[in-house]
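Working through the structure, step by step
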Amino acid sequence: MARPPSEDRVELVYGSLDMLILRTLLWGATHGHGIAKSIERQSEETLKVDHGSLYPALQRLQQQGWITAEWGVSKNHQRAKYYRLTPAGRRQLVAETSRWERFVRAITGVLRPAETEET
Amino acid sequence: MNWHRELAKLGALFRRRKPTDDLAEEIRAHLQMEEQENLESGMPPDEAHYAALRRFGNVTLAQERSREMWGWNTVETLWQDLRYGVRQLRKNPGFTAVAVLTLALGIGATTAIFSVVDTVLVQGAPYQNPAQLVEISAKNPQGEEEPVSTGDFIHWQAQSPAFESLAAYKRWELRVLTGVREPDEVWASPVTTNFFHLLGVNTIMGRTFLASDTQTLVLSNEYWRSHFAADPKIIGKTLVLDNKPYTVIGIAPADLEFPDPNTQVWVPLVFSAAEKDNHEHKLLDVIARLKPGVTLHQAQAAMDLAARQLAMQYPKSNAGRTAHVKPIKGREIGSPLRSAILTLLGAVFFVLLIVCTNVTSMLLARGATRQGETAVRAALGAGRWRLIRQLVAEGVLLAGAGSLAGLGLASWGLATIVSQLPKYSLVETQAIHRISINLPVLGFTVALALLTGTVVSILPALRISSPNLNESLKQRGRVSGTSAGGSQVQRALIVSEVALALVLLVGAGLMIQSFERLETTPTGFNPDHLLTVRVPLVKYKHSEGPQSVAFYRNVLERIEAIPGVRAAGMANNLPFIGFHTVTSFPPPPNSPGDTFIAATRSVSPGYFQAMGIPLKEGRDFTPADNQKDAPCVRIVNEAMVRRYWSGVDPVGKQIPKACRNDAAALIVGRVADSKQGSVDSQVEPEVYVPYGQHPFASFLVTFVVRTASNPSEIAAAVRQAVWEVDHDQPVIQIRTMGNVITESI
């Protein structure tokens, strides 16, 4: 029996989703919808994540103390919860980014050994 | 920062609604914003709405997983599962009732037997630091264990570097209790005054002995409950034992069975000056507490030294005698009782297995009808584990309800069992009277309920949680049959259940059969309408000898005068009480060899008639045989004739050296064989003596009364008859012969 699709997709993006959220909040406080839109735009529409999967991630980030939340009013005069990065979150983002870049370099190195050999 | 968060989480547990509502509102807002954007980019309103929803994904799942992050997920979902389970069970009352009753049977029976096991086999004794307790026994020069003499004990007490203290006791003495409504015979254990302190046992009411106590007693818990209705005011009252007053100073705890499970009172053991010096008379048992840090080995060495000292000081009595230190014996359960209990445990385990199999197949069958519902839940996003957990929760609920009912069943059953047990008939352990549902048993029941619940539901749960999603949704609402694999499992379950039940039935049938056989085995006498009454001789009033003969004849005459009594007789011990008296005789004339051992019984005239043992030849005893200087006569049974005289007619023959002063005894009669010991034992050769010629073991004297009607009706009249002769006479163990035989089985 196939598992619900969203579950599969979220598993893949688990840790990276956290990072993306933190990155987005670096530009300023936003609500959940705004974060989702921002991620889509920045990744040039390649990362199509279910909006719903953001919310568990947001809760987790709150638990860790990397973001805080506050009720506010949106542009459309709607009540929305705004999330903001904390100093600890900022530090975490730096750590995660460098780790991610190392990871990417490693994978790239494996995927294109010919290039490195040639040069 | 961390504990702060944990505290907040705990607080959140109790304020669930706000965050849940918050989240719902937040998600609603999100959807609205997305819809708004869709509208602005030109989508028609309907499409905008659904596009937003699709973009979001599974709303319920998002909510649930967000809530998961809040950390108290498990408890919440468990609670949910349980509530849902209750609803489901209520919807099918018939099914639930049957399942609960079945489980109640299994769990109740297991709990009952477990509490027996716990009380009788497992519970330890209430001593403090039992590892430090030892018993010290004496061995004679031949190496045989013997009781300790008073003089030795005093010496050991004085010179005992290895021990904190020593105490001595006599296991039992039967004493007559008067001054109460009905005179009784009590099992008294004289113990030195430091006895309780040494064991580290305290009374539950009142106090234990002081060093200066001489005429005080501690009452056993069981006797206090059964004879004094657990009246706390008994403390301070005086009880008369063997015509001496004793003040009740305390009540012992229920689980103290030292020195004997049958001990009903503890009295101080006091030594006179003469006794303290006596190293010859051996009648004490000794226990001691080791000093902390002293090993058994060291203690033994110390005792060896003490023994040598005594041997040097008192060569006549103590030469070659040694002392031995052993750890104290735990409660000893005789192996027949132990194996009976373990057999019951095995049987009840089978019952439980059958019950589980039964309920499992019931749940399996019902599972088929719930496939639709399960499929929907799976489609909504429930993981397999979640589904299983739900079904297991239902199973545990069923088992929980079953165990509640089962507990009621168990306590009723236990009460019935305990009331059936013979009271005060040399039972192997008092613990039997203490069997009840206590805390460890309750804990066991809870664990059993959890285990059973899980076991019965795990198979159906595994089966149900993996259906073909699409199929089940299509078939929703229809009671579909299970797949091929399912019915195979069901069939296997049914087969195993029948097999288990068969085993149980066969076992039970065999047991019933052998029991019946035992009960109807001919005993040699006629046990119908036979009442037995024990009238132990009150030694301080009537000495053994001519006085007791007169006393008993008096009583016998009065009993015979009671209307409804067909015949009455008396013996100095009853058959089937677990032991009988024997005597050794010189070897038979035709087969020289070792001494000949035969059972002996001192009886009154009329005993054979009352018992229904036919007199085959010669005559019964007469009152003349009980006279002081009557000639020495005996009656023998047929087994005796076969063994001693090889079947030749014994009347007129003699047994040499069978009487006082080594005179020969004349055989005047021959009776038919009757069993002495137990239903499945062989008949032993037996020699009957007129009571007057051998008044032995007078504490066991029992009257047998054959009645025309129900024996129990005559009981009161018999008691009256005895009390007319002496109102301080205990009249105890009134039972019908039938009961005596049954109890022996």
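Examining the overall build of chain B
Along chain B, the regular secondary structure elements total 23 helices and 24 strands. Expressed as a percentage of its 745 residues, the buried residues of chain B come to 37%. A fraction of 80% describes how many contacts in chain B between residues 6 or more apart in sequence connect residues 24 or more apart.

Quick look at the nonpolar core
As a rule of thumb, nonpolar side chains are buried together in soluble globular proteins. Residue and element names in this part refer to chain B. Grouped together as the largest cluster of nonpolar side chains are 112 residues, with contacts concentrated most on L217, L219, V286, I559, M570, V704 and V705. With six residues, helix 19 (residues 546–560) is the largest single contributor of residues to this core. Here this core gathers at least three residues from each of two domains, domain 3 (130–327) and domain 4 (530–744). In this structure, V120, V355, C356 and V392 belong to the second largest nonpolar core, which totals 40 residues.

Looking at the interface of chain B and chain A
The partner chain A presents 20 residues to the 27 residues of chain B that form the contact. Sorting the residues of the side of chain B that touches chain A by element identifies helix 2 (17–40), helix 3 (45–56) and helix 4 (59–69) of chain B as the ones contributing at least two each. Ranked by residue count, the leading element in the side of chain B that touches chain A is helix 2 of chain B, at nine residues. Each residue belonging to the side of chain B that touches chain A can be placed in one class, and the counts come to 12 nonpolar, eight polar and seven charged.

Considerations on the packing of helix 3 (residues 54–64) of chain A against helix 4 of chain B
Two elements in contact, helix 3 of chain A and helix 4 of chain B, have axes separated by 8 Å at closest approach and are oriented at 10°. One element, helix 3 of chain A, and the other, helix 4 of chain B, form an angle in the roughly parallel class. Between helix 3 of chain A and helix 4 of chain B, the contacting residues are Y55(A), P56(A), Q59(A), R60(A) and Q63(A) on the first element and A62(B), R65(B), S66(B), E68(B) and M69(B) on the second. Of the residues belonging to the contact of helix 3 of chain A with helix 4 of chain B, the class tally is four nonpolar, three polar and three charged.

Focus on the pairing of strand 4 (residues 163–169) of chain B
Residues and elements named next belong to chain B. Most of strand 4 sits out of view: five of its seven residues are buried. When strand 4 meets strand 12 (residues 282–290), the two strands line up antiparallel, connected through six bridges. Residue pairing for strand 12: A168 is matched across the bridge by V286.

Observations concerning the confidence of the model for chain B
All names here are of chain B. Residue-level pLDDT values for chain B average 79, and 88% of them are 70 or greater. The low-confidence segment residues 423–428, where pLDDT is below 50, has 11 contacts with residues more than four positions distant or belonging to other chains. Scored below 50 in pLDDT, residues 477–482 makes nine contacts in the model with residues more than four places away or belonging to other chains. Complex prediction metrics read pTM 0.60 and ipTM 0.77.

A few points about unusual backbone geometry
With the exception of glycine, most residues fall at negative phi, and the peptide bonds are largely trans. Even without a glycine there, the phi angle at A230(B) is positive, about 50°. Checked against the element boundaries, A230(B) lands in the loop between helix 9 (221–228) and strand 9 (238–241).

Criteria and thresholds
- Residues numbered from 1 in each chain as written.
- Chains lettered and ligands numbered in written order.
- Predicted model: local features only at pLDDT ≥ 70, side-chain atom pairs only at ≥ 80, totals over all residues.
- Helix = DSSP H or I, 4+ residues; strand = E, 2+ residues; numbered from the N terminus.
- Buried ≥ 20, exposed ≤ 12 C-beta atoms within 10 Å, placed from the backbone.
- Contact = placed C-beta atoms within 7 Å.
- Core = buried A, V, L, I, M, F, W, Y, C linked by C-beta atoms within 7 Å.
- Domains from an automatic or database assignment.
- Nonpolar A, V, L, I, M, F, W, Y, C, P; charged D, E, K, R; others polar.
- Axes fitted to C-alpha atoms, helices over the stretch in contact; angles between N-to-C directions.
- Parallel < 35°, antiparallel > 145°, perpendicular 65-115°, else oblique.
- Pairing = 2+ DSSP bridges.
- pLDDT = per-residue confidence, 0-100.

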